[in-house]
Amino acid sequence: MKKPRVFSFTGKGGSGKTTLASLMLAALLRRGTFRDILVIDADPDANLSATLGIPVEATVGQAVDRRRNELKESAGRGRKLRFSLWDTIRHDRSFDFLVMGRTAGEGCYCAVHSALTESLLDTMAMYDLVLMDFGAGLEHFSRRAGNPSDTLLISCDPSRLSFDTARRIDELVRELSLPYERIFLVGSRFPREAEDLFYQLAREAGIESLGVIPADGDVAARNLAGDDLLSLDPVNPALRAAEGLLERLVASGPAS
Amino acid sequence: MSGNVLRAACAAFLSGRGYAARTDFIVPGTDIRVDVAAVLPRMRDLKMRLKRGFVPTGILHPLIGAGWVTVTEIVRRTGYPAGHVAAVLEEAAGERWIDLDFQEPEPRCRIRDYRPPAKECLLAFDGTERLAEKLERLEALAGCYSRAQFVFPYDLDEKTTETLAGLGAGIVRYHREHGVFQELVPAESLEIDDPGRFALIVEYVLYEHIWIRTGEVL
Ligand SMILES: Nc1ncnc2c1ncn2[C@@H]1O[C@H](COP(=O)(O)OP(=O)(O)O)[C@@H](O)[C@H]1O
Ligand SMILES: [Mg+2]
């Protein structure tokens, strides 16, 4: 039986989750180990589409709202949720992309949501690798549903607060016994001279560190210009660092 | 335990994991029966079929991975009447799955960049009855599946374990009382070198599966 590898990205808002996920994707595509890749933007403040250079046309949230209305108002006529979820997936040349977005009925545990979870799990099973960019919020974790991941990567920028957030996420994961096989801390946007400090803070937080993505001028400039991160120069130091992280992840990972 | 229960449980287990499964599957155009055929879809190609329809591989499978093939050859390989083959080919040409070329002395056709809608095709067998015969069936299907596994609701003796593992087949222990399928020997991943029949199996199983999915309430 085949099981997809799932890498999830989390951390304080602005700590570099989306940048990290995008750089990892760029590294993955260059490496070519995984054939079918699904990238999920599960952050309600979605910005992966910019770093991947793919405009958002539809979100899962919209599909859920539409279906809920159809069930209420037109006796369920219309496209079934599973199929409109599939419609929502965008196909880039080398990976697929899905944006969760928001639903009007936030926090609802209705039947439509459980059907969504079910379909999402089936859908994820069709891929060799799933990358998920979570929001900063911890509600995804407490919600739990539809959240199978072998590896959780927590992004930390050079701020106390982001290490506090990382620690809280780590505690919550333990408290809820969430099924992550591995949890790593990644330093984002660290100046070279502060890297030792990252490793020290990671040790204090008691979370294994995977490595550091250095602060990079080109990455920052592309963010300002609204340009994607998939077309970075192959020798870009941030991209090279992501390749190093990936190497460690794949080498140490469970067999796929 | 009856083989029927074992097959049903195995199909349910696999379909709960994203596979499209089918019990007692007779490979089209043959009399080979597979206890459970399970297909893991590939999203892009599945979606293409939801738009354009599934590929009529019952007729088209000889074209897959083959270049130009004469209509006579297709009739011979599929065993369907010539009139039926011609009708399906014309329709497939209309849907742009194939190119038709009415050259002399006989017309021929070829498939257009075909990709199967599945990543993998897993064949599972109830290992408790007629094991030798099932191994023969599996051999007859060589090259058109990705993995094979045998399921047993009891601990298997060493000799059979070795035989099966030696063939690259996986061994799964089914704990009926707990509904657990335990992979004791993982199945080897095999090359598909009969892409036509691989396509035939996966298109059939997926088509039926999707048809059921359209009946979901939500
Ligand atoms: N390694 C880095 N080098 C330079 N700038 C970075 C780096 N990582 C993140 N940034 C910048 O930090 C800001 C926040 O990053 P982002 O990835 O959007 O965070 P999050 O997704 O956690 O909210 C963005 O402007 C981004 O360009
Ligand atoms: Mg973000």
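For clarity, every value in this text was computed on a predicted model and none was experimentally measured.

Rules of the game
Residues numbered from 1 in each chain as written. Chains lettered and ligands numbered in written order. Predicted model: local features only at pLDDT ≥ 70, side-chain atom pairs only at ≥ 80, totals over all residues. Heavy atoms only, no water. Salt bridge = Lys/Arg side-chain N within 4 Å of Asp/Glu carboxyl O. Buried < 20%, exposed > 50% of the residue type's maximum accessible area, 1.4 Å probe, protein only. Domains from an automatic or database assignment. Contact = heavy atoms within 4.5 Å. Buried area = accessible area lost by both parts, 1.4 Å probe. Polar contact = N/O pair within 3.5 Å; in protein donor to acceptor, adjacent residues only side chain to side chain. Nonpolar A, V, L, I, M, F, W, Y, C, P; charged D, E, K, R; others polar. Pairing = 2+ DSSP bridges. Helix = DSSP H or I, 4+ residues; strand = E, 2+ residues; numbered from the N terminus. Axes fitted to C-alpha atoms, helices over the stretch in contact; angles between N-to-C directions. Parallel < 35°, antiparallel > 145°, perpendicular 65-115°, else oblique. Left-handed = near helix turned anticlockwise from the far one by under 90°.

Residue and element names in this part refer to chain B. According to the stated counting rule, one finds 38 salt bridges over all chains in the structure shown. Between Arg130 and Glu133 there is a salt bridge, with its nearest N and O atoms 3.5 Å apart. Classification of Arg130 as exposed rests on a relative accessible area of 51%. A relative accessible area of 31% means that Glu133 is categorised as partly exposed. Across the pair Glu216 and Arg213 runs a salt bridge whose closest N-O atoms are separated by 3.1 Å. Assessed through its relative accessible area of 18%, Arg213 is described here as buried. By sharing partners, the salt bridges in this structure join Arg7, Asp24, Arg33, Asp35 and Lys134 into a single network.

All names here are of chain B. Parsing chain B into structural domains produces domain 1 (3–45 + 117–213) and domain 2 (56–111). Domain 1 and domain 2 are separated by 30 Å when their C-alpha centres are compared. Listed per partner, the contact involves 7 residues of domain 1 and 5 residues of domain 2. Across the domain 1/domain 2 interface, buried area totals approximately 480 Å², and carbon plus sulfur atoms make up 70% of it. Area buried by domain 1 at its contact with domain 2 is led by Pro195, Gly196 and Leu200, which between them contribute 57% of it. Our count for the contact surface shared by domain 1 and domain 2 stands at 0 residue pairs in polar contact (both at pLDDT 80 or more). Grouping the amino acids of the side of domain 1 that touches domain 2 by side-chain chemistry returns 4 nonpolar, 1 polar and 2 charged.

This part takes up the sheet that holds strand β5 (residues 108–111) of chain B. Residues and elements named next belong to chain B. Strand order in the open sheet made by the 3 strands is β3-β5-β4, with antiparallel pairing throughout. Each edge of the open sheet is held by one strand with a lone partner, namely β3 (69–70) and β4 (98–101). As judged from the 2 bridges shared by β3 and β5, these two strands associate in the antiparallel manner. Residue pairing for β5: Val69 is matched across the bridge by Cys109. The strands touched by helix α5 (residues 82–94) are β4 and β5; relative to β4, the strand with the most contacts, the crossing angle is about 120°.

The next subject is the side chain of Ser15(A). All names here are of chain A. Relative to the assigned elements, Ser15 resides in the loop between β1 (5–11) and α1 (17–31). Its relative accessible area of 0% is what places Ser15 among the buried residues. At 2.7 Å, the side chain of Ser15 and the backbone oxygen of Lys12 are in polar contact.

What follows is about the packing of helix α4 (residues 81–88) of chain A against helix α5 (residues 111–124) of chain A. Residue and element names in this part refer to chain A. Running from N to C, α4 and α5 point in directions that differ by 55°, and their axes come no closer than 9 Å. In terms of axis orientation, α4 runs oblique to α5. Classified by chirality, the crossing of α5 by α4 is right-handed. Counted together, Leu81, Arg82, Leu85 and Trp86 of α4 and Val112, Ala115, Leu116, Glu118, Ser119, Leu120, Asp122 and Thr123 of α5 form the full contact between these two elements. Residue composition of the contact of α4 with α5, by class: 7 nonpolar, 2 polar and 3 charged.

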